[in-house]
Amino acid sequence: MDASTEAGSGTAKLNEHDVTTALESVRSRVNKAKADAGREDVQLVAVSKTKPMELLRAAYDNGQRHFGENYVQELVSKAEQMPSDIKWHFIGPLQTNKAKALASIANLHVVETVDREKAASALEKAVVNVGRDTPLNVMVQVNTSGEETKSGCVPGDSIQLARAIVNDCPHLRLVGLMTIGAPDTSDEPAAFKILKEERDAVAQALGSSVDSLQLSMGMSGDFEAAIKMGSNSVRVGSTIFGAREYPRK
Ligand SMILES: *Cc1c(COP(=O)(O)O)cnc(C)c1O
């Protein structure tokens with residue numbers, strides 16, 4: 001069993017050395033998938049939710065700069081403790097009453113989970129309120145699995161939401177679409193196909209090129225398939241940092 005598989009499925013806690021090894025293994029798998037697909041524009045986001053600072057530091061020291069977190073309070077605290085050149089991705093359920101805390105994080109790179117107009121307008125207000133000097137990058141989250149427990153707008157509603165962001169939220173910048181998908185071991189998971197179709201439809205509706213909207217899809221279990229299907233950003237947690245003690249959101 002290679003280090004990455006072991007890290008993803010084991011229950012033992014990883015140390016800094018394990019994380020470095022697992023990160024390097026994931027990075028080489030990402031690079032291989034990129035090469036196989038003839039792609040360049042794919043970034044790796046290390047999803048560090050629930051993990052202790054020393055493991056984030058190990059990844060940082062190994063050159064990782066994009067990190068993903070799900071809980072606003074945890075992100076605020078980690079952003080204070082980690083170097084300011086990190087690009088933080090917020091990938092958790094977006095509550096409007098947390099928008100201001102989020103927008104206050106200077107090196108917040110993107111909020112990937114805008115799934116309704118209310119959330120977009122709360123973020124817009126928050127960005128104005130805290131006086132960020134550049135627009136905040138956001139993605140529209142799409143529920144491609146149809147499971148009620150997963151957040152995201154219904155496929156088909158993403159055009160309207162994207163329009164609302166572009167037209168009514170001048171301090172937000174729409175940079176792409178994101179999905180979690182469903183567990184799917186096939187070579188071409190249906191969820192990723194849906195997200196790509198949504199992205200193409202949104203680009204067409206906005207009169208922009210498809211390349212101007214990224215696809216954030218692919219996690220520990222399916223990031224290679226996601227890259228093959230056009231993902232620009234894979235969000236890998238447990239395969240880098242080890243299994244989490246409480247279930248992912
Ligand atoms: C937790 C989480 C991930 C990482 O999941 P793993 O299976 O541990 O790689 C990616 N995306 C989102 C939205 C998450 O909540």
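Quick look at the structure, then. What you see is a predicted model; the values in this text were computed from it and never measured. (Residues numbered from 1 in each chain as written. Predicted model: local features only at pLDDT ≥ 70, side-chain atom pairs only at ≥ 80, totals over all residues. Heavy atoms only, no water.)

Describing the packing of helix α6 (residues 117-130) against helix α7 (residues 158-168)
Condition: Fitted lines through C-alpha atoms give the axes, limited to the stretch in contact for helices. The angle between two N-to-C directions lies from 0 to 180 degrees. Strands here are runs of E lasting at least two residues and helices are runs of H or I lasting at least four, both read from the DSSP assignment and numbered beginning at the N terminus. Geometric relationships in this document are graded by angle, where less than 35 degrees denotes roughly parallel, more than 145 denotes roughly antiparallel, 65 to 115 denotes roughly perpendicular, and other angles denote oblique. Whether a crossing is left-handed or right-handed is set by the direction in which the near helix is turned from the far one by less than a right angle, anticlockwise for left-handed and clockwise for right-handed. Whether two residues are in contact is decided by their heavy atoms: any pair within 4.5 Å suffices. Amino acids outside the nonpolar list (Ala, Val, Leu, Ile, Met, Phe, Trp, Tyr, Cys, Pro) and the charged list (Asp, Glu, Lys, Arg) are all regarded as polar, and Gly is one of them.
Put simply, α6 and α7 touch, their axes get as near as 10 Å, and they point 20 degrees apart. Taken together, the axes of α6 and α7 lie roughly parallel to each other. Like other packed secondary-structure pairs, α6 and α7 cross with a definite hand, here right-handed. On α7, the residues that touch Glu117, Ala120 and Glu124 of α6 are Gln160, Leu161, Ala164, Ile165 and Asp168. Classifying every residue of the contact of α6 with α7 by side-chain character gives four nonpolar, one polar and three charged.

Thoughts on unusual backbone geometry
Put simply, the rule reads: Buried residues are those whose accessible area, probed at 1.4 Å on protein chains only, stays under 20% of the maximum for their type, while exposed residues exceed 50% and partly exposed ones sit between those limits.
Unlike most non-glycine residues, Thr50 shows phi in positive territory, near 70 degrees. Here Thr50 shows up in the loop between β1 (43-47) and α3 (53-61). With a relative accessible area of 25%, Thr50 lands in the partly exposed category.

Regarding helix α2 (residues 16-37)
An α-helix turns once per 3.6 residues; consequently, residues spaced three or four apart project the same way. To keep it simple, the criterion reads: Under the convention used throughout, the expected extent of a helix is 1.5 Å for every residue step, that is, one less than its residue count.
Its 22 residues place the ends of α2 31 Å apart at the C-alpha level, agreeing with the 32 Å of an ideal helix rising 1.5 Å per residue. Here α2 has its buried residues at Val19, Ala22, Leu23, Ser25, Val26, Val30, Ala33 and Lys34. One or two steps after α2, the chain reaches Gly38, where phi turns positive at roughly 65 degrees.

Focus: the site of the ligand
As a reminder, the rule being used: Each residue is tested against the molecule or strand, and it is near if at least one of its non-hydrogen atoms lies within 4 Å. Pairs of N or O atoms within 3.5 Å make up the polar contacts considered here, provided that, within protein, one atom can donate a hydrogen while the other can accept it, and that residues adjacent in sequence are counted only when both atoms are side-chain atoms. Residue exposure ignores everything except the shown protein chains as possible cover, and the areas themselves are Shrake-Rupley values with a 1.4 Å probe.
Among the 15 residues in the neighbourhood of the ligand, the closest are listed as Lys49, Asn70, Ser220, Gly237 and Ser238. One of the backbone nitrogen or oxygen atoms of Gly237 is found 2.8 Å away from an oxygen atom of the ligand. With respect to the ligand, the backbone of Ser238 contributes an N or O atom lying 2.8 Å from an oxygen atom. Taking 390 Å² as the accessible area of the ligand by itself, protein coverage stands at 97%.

Brief notes about α7
So the rule is basically this: This arc describes the spread of directions from the helix axis toward the C-beta atoms.
Within α7, burial applies to Ser158, Leu161, Ala162, Ala164 and Ile165. What you see down the axis of α7 is that its buried residues fit within an arc of 155 degrees, all on one side. Residues of α7 that are exposed and point more than 90 degrees away from the buried face comprise Gln160, Asn167 and Asp168. Packed against the buried residues of α7 are β4 (108-114), α6, β5 (136-141), β6 (172-178) and α8 (190-206).

Re the packing of aromatic side chains
Stated formally: Here a pair means two rings of Phe, Tyr or Trp (six-membered ring of Trp) with centres within 6.5 Å. Their orientation is stacked below 30 degrees between planes, edge-to-face above 60, and tilted elsewhere. Counting as a charge over the ring demands two things of the Lys NZ or Arg CZ atom: a distance within 6 Å of the ring centre and an angle within 35 degrees of the ring normal.
Within the structure shown, the criterion is met by one aromatic pair. Sitting over the face of the ring of Tyr60, Arg65 holds its NZ or CZ atom 3.6 Å from the ring centroid.

Digging into the side chain of Asp115
Position of Asp115 relative to the elements: it lies in the loop between β4 and α6. Side-chain polar atoms of Asp115 contact the backbone nitrogen of Gly152, separated by 3.4 Å. Excluding residues within four positions of it along the chain, Asp115 makes contact with Gln141, Ser151, Gly152, Cys153 and Leu161.

Brief notes about the pairing of β5
To keep things clear, this is the line we draw: If DSSP finds at least two bridges between two strands, the strands pair.
Most of β5 is tucked away, with six of its six residues classed as buried. Here β5 shows no split at all, with Leu136, Val138 and Val140 on one side and Asn137, Met139 and Gln141 on the other all buried. The pairing of β4 with β5 spans three bridges and is parallel. Looking across to β5, one finds that Val111 is bridged to Val138. In this sheet, β6 lies alongside β5 in parallel orientation, the contact comprising six bridges. Looking at β6, one finds that Gln141 is bridged to Met178.

A word on the side chain of Asn107
Within the secondary structure, Asn107 sits in the loop between α5 (99-103) and β4. Residue class for Asn107 comes out buried when judged on its relative accessible area of 16%. In contact with Asn107, other than residues within four places in its own chain, are Ala79, Pro83, Ser84, Ile86, Lys87 and Trp88.

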